[in-house]
Amino acid sequence: MCFRMPKRLMKKTPAESPPQRRLTFNVNGTEAISSLKRALNISLFLTPTVIHLQGDGKTNERRDIYLSAAIQRSLRTLFSDLRRGEPTLARKHFQEFLESAQGESRDKVSTLLTEDTYTFERFLAVWWIHFGLDIERQASPDDKDLTKPISNYFIDSSHNTYLPGNQLSGKATVETYKRALLQGCRCVEIDVWDNISPSPNKSVAGSAQGIPRSERSLKFHKGSLHTAAAHVKAAVDDKLARTKEFLGVEHVHSHSPGCSKFDVSGPSTSRENELGLDLTDADYRASIEQSSSGWKPVLPRDEPIVMHGWTFNQPIGFRQVCKAIREVAFETTNLPIIISLEVHALADQQEKMVQIMKQEWAGLLIEKPHETCPNGQMPRLEELLNKILVKVKKASLSTESSMGLGALSPKGTIVEDDAASISEDDRSIRSAKRPQPKVPICENLSNLAVYTHSEHFVNFESFTVKSPSHIFSISENKILDLWESKRDDLFAHNRHFFMRAYPKATRVNSSNPDPSLFWRKGVQMVAMNWQKWDEGMMLNKAMFSGEHGWVLKPTGFRSDEETLSVQATDISYRPFDLTITVLAGQHIPLPEGMPHHKAHSLRPLVKCELHIEKADERSGGPGEGGIRLRPIDWKKQTGSGRTDHPEFGADHRELCFKRIHKVEESLSFVRFRVEHDQSRLIPLKETFAAWACIRLDRLTTGHRIIRLLDPNGNETNGVLLVRVLKQYR
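Residues numbered from 1 in each chain as written. Predicted model: local features only at pLDDT ≥ 70, side-chain atom pairs only at ≥ 80, totals over all residues. Heavy atoms only, no water.

Undergrad: Got a minute to help me understand the overall build of the protein in this structure?
TA: Each helix and strand counted, the protein has 19 helices and 27 strands in total. Across the 729 residues that make up the protein, the buried fraction comes to 52%. For the protein, contacts bridging at least 24 residues in sequence account for 74% of all contacts bridging at least 6. Total accessible area on the protein stands at roughly 35300 Å², and carbon and sulfur atoms take up 51% of it. (Helix = DSSP H or I, 4+ residues; strand = E, 2+ residues; numbered from the N terminus. Buried < 20%, exposed > 50% of the residue type's maximum accessible area, 1.4 Å probe, protein only. Contact = heavy atoms within 4.5 Å. Areas by Shrake-Rupley, 256 points an atom, 1.4 Å probe, with all protein chains shown as cover.)

Undergrad: Looking at this model, I keep getting lost on the nonpolar core. Mind explaining?
TA: Within the largest apolar cluster, 77 residues are counted, with the highest numbers of intra-cluster contacts made by I190, F318, I325, L341, M357 and L445. In terms of residue count, helix 10 (residues 318-328) provides more of this core than any other element does, 6 residues in total. Dropping the residues within four chain positions of it, I325 is found in contact with Y177, L181, V188, I190, I339, W361 and I388. By size, the runner-up hydrophobic cluster in this structure holds 33 residues, among which are I135, C608, I694 and L699. (Core = buried A, V, L, I, M, F, W, Y, C linked by side-chain atoms within 4.5 Å.)

Undergrad: I would appreciate a short explanation of the packing of aromatic side chains in the present structure.
TA: Both the distance between ring centres and the angle between the ring planes are used here to describe each pair of aromatic rings. This model, assessed by the stated rule, comprises 16 aromatic pairs. Ring geometry for F79 against F123: centres 5.3 Å apart, planes inclined by 45 degrees, an arrangement best described as tilted. Here F123 lies in helix 5 (residues 120-131) and F79 lies in helix 2 (residues 69-83), a separation of 44 residues in the sequence. The same class applies to F79 and to F123, which are both buried. When the centroid spacing of 6.0 Å and the interplanar angle of 75 degrees are considered together, the rings of Y153 and W550 count as edge-to-face. Of this pair, Y153 sits in strand 5 (residues 153-158) while W550 is found in strand 19 (residues 550-552), placing the two residues 397 residues apart along the sequence. Y153 sits in the buried class, given a relative accessible area of 0%. Taken together through their ring pairs, the aromatic side chains of F79, F94, F97, Y118, F120, F123 and W127 make up a single cluster. The ring of W483 carries K521 above its face, with NZ or CZ at 4.8 Å from the centroid. Lying over the aromatic face of F576, K726 brings its terminal NZ or CZ to 5.9 Å of the ring centre. (Phe/Tyr/Trp six-rings, centres within 6.5 Å; stacked < 30°, edge-to-face > 60°. Lys NZ or Arg CZ within 6 Å of the ring centre and 35° of its normal.)

Structure (structure tokens):
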């Protein structure tokens with residue numbers, strides 16, 4: 001018997017949709033569960049979650065903090081260890097932790113701990129709100145000692161402040177002065193030259209036509225030929241920009257390290273330099289004007305200009321610089337500013353400089369000795385609040401004394417300073433045949449150097465050393481040479497009088513020396529290239545963090561000591577062991593070139609380095625002149641974590657520095673550098689992600705938070721949780 005089954009009737013729709021598919025894990029059960037766990041871990045647990053912190057109820061202080069799962073696990077593990085098996089944390093154990101591990105004072109702890117027991121949330125709230133976890137002990141402005149002579153302080157200093165990029169090309173700008181002063185710099189440099197800018201209706205070449213030969217030779221003197229060259233370069237750049245615009249060629253800017261980000265032909269919507277400086281249109285119009293033919297410098301013909309001599313840097317007006325300094329000089333602090341003038345202008349333009357400074361800095365400029373402090377002694381810092389001091393050479397008594405130049409020698413030959421503009425290092429990279437301008441300083445300008453006047457270094461027995469207000473400006477290599485041969489004389493001089501170190505001229509990419517080498521020799525002003533955030537600038541930022549540009553020298557480095565015969569090797573220090581355990585982190589900045597959606601592929605590792613005085617540095621032994629040749633024992637690193645919210649494995653997270661020799665902690669530093677592990681996952685051209693640097697005397701102990709900066713020195717949301725143990729011997 002046969003049965004015939006009827007066909008199923010299918011509903012027809014005007015437009016049939018594609019068949020539906022079931023979504024399944026195309027793997028076996030175990031792999032499916034593992035994949036699901038990884039997805040949940042990335043999307044949920046790694047993202048920082050909020051923790052509500054409630055104050056004690058008296059001040060109604062409430063704070064919400066976001067902590068990654070890795071950091072929360074570390075803190076909960078700590079809480080579990082402290083409560084010793086009890087359901088909550090007893091006040092006694094909390095107090096012991098804060099005093100012994102965290103280094104808090106007993107009086108403060110006993111006052112603020114008012115409860116008998118603490119839950120984890122309450123424990124974290126009291127700890128975070130009332131005591132804090134920052135690894136750096138903040139400087140207190142109220143506790144700052146302002147009673148010492150000004151030569152007893154280290155001063156945050158800038159070299160060639162007008163430059164935004166490298167030393168050889170680019171456009172000078174007043175914005176670099178504003179940025180440096182607002183970030184705490186208290187000694188800025190101005191290189192002043194004669195202005196021979198042409199008439200707006202004439203070219204540089206045509207501006208000399210019709211001028212008698214004798215007058216023309218005066219107009220283009222040796223010290224101003226490069227100024228004319230800068231104007232020629234500006235004219236050529238302008239014509240090139242107009243030609244490109246006519247041809248429809250888009251300007252492509254090089255982002256190589258040697259190329260200044262300001263050096264862009266034509267207006268740019270994003271004007272940034274290595275400091276992260278963002279110029280607004282209003283700020284930019286202060287130094288250049290827009291016309292139909294391009295962007296041209298605005299330089300008054302009868303006033304001096306500021307630029308880097310014998311380079312391709314385009315100048316700005318001296319008055320513009322003075323105005324910019326006045327605008328922000330005392331916006332963040334009332335501590336004084338030192339203006340380091342490098343003068344190449346002739347007498348008439350020097351008189352103009354005096355006139356401009358008195359006009360723009362009226363009421364601020366030191367023009368005569370303080371009423372309580374005659375020329376024979378240095379004023380106290382508290383006597384110079386809200387004041388601007390000028391550092392410049394004194395008027396020469398004779399032609400011979402103003403012309404003397406030579407090479408550094410321990411035997412007493414003259415060492416040129418920055419006021420002469422060209423050092424031995426400069427001559428090695430600049431034209432050896434070009435005669436250097438020797439410009440005498442006029443009396444009116446010289447008179448402004450009341451407490452800070454430049455002197456050529458001859459030796460430590462010369463008559464110039466007897467003047468309390470003198471300043472020796474010497475290149476970095478020459479100071480290191482002096483340290484090897486005249487260590488005690490150099491240290492004794494710097495206890496009483498000013499010395500300024502400036503970078504060697506071969507640093508055309510605006511790199512910096514290690515400033516701590518010079519601070520430990522008593523050098524008060526180490527002029528840094530603020531254009532570049534490198535190791536030197538990291539140390540400089542740590543040195544002056546919260547100090548507003550003036551740091552009192554430590555005991556043994558000052559002129560007011562009871563025992564005036566202190567030598568460099570006589571100062572006593574305390575040896576110690578330092579152990580830093582890197583536990584976890586969150587929001588680690590991504591290295592350049594890593595897209596944000598690849599943050600889970602970041603494999604951060606932490607490098608830690610101690611910048612301390614070496615044994616041969618104290619004794620002046622061989623090798624002192626080497627560049628950052630430190631024992632490998634002072635460099636450690638962790639294993640790599642995972643993602644931008646990492647947790648570091650227990651096997652490779654403890655960084656131990658044992659038997660640290662005797663060091664001055666206020667002149668020593670610990671520097672953290674976060675990098676992407678190049679051997680893992682995504683290879684990058686640049687692995688540097690973030691950094692932090694702390695003075696050893698400000699390094700707090702216990703469980704601490706390190707706040708990270710990006711490679712350009714900008715603040716980020718990135719933090720590391722570490723445990724610091726410092727044991728003195």
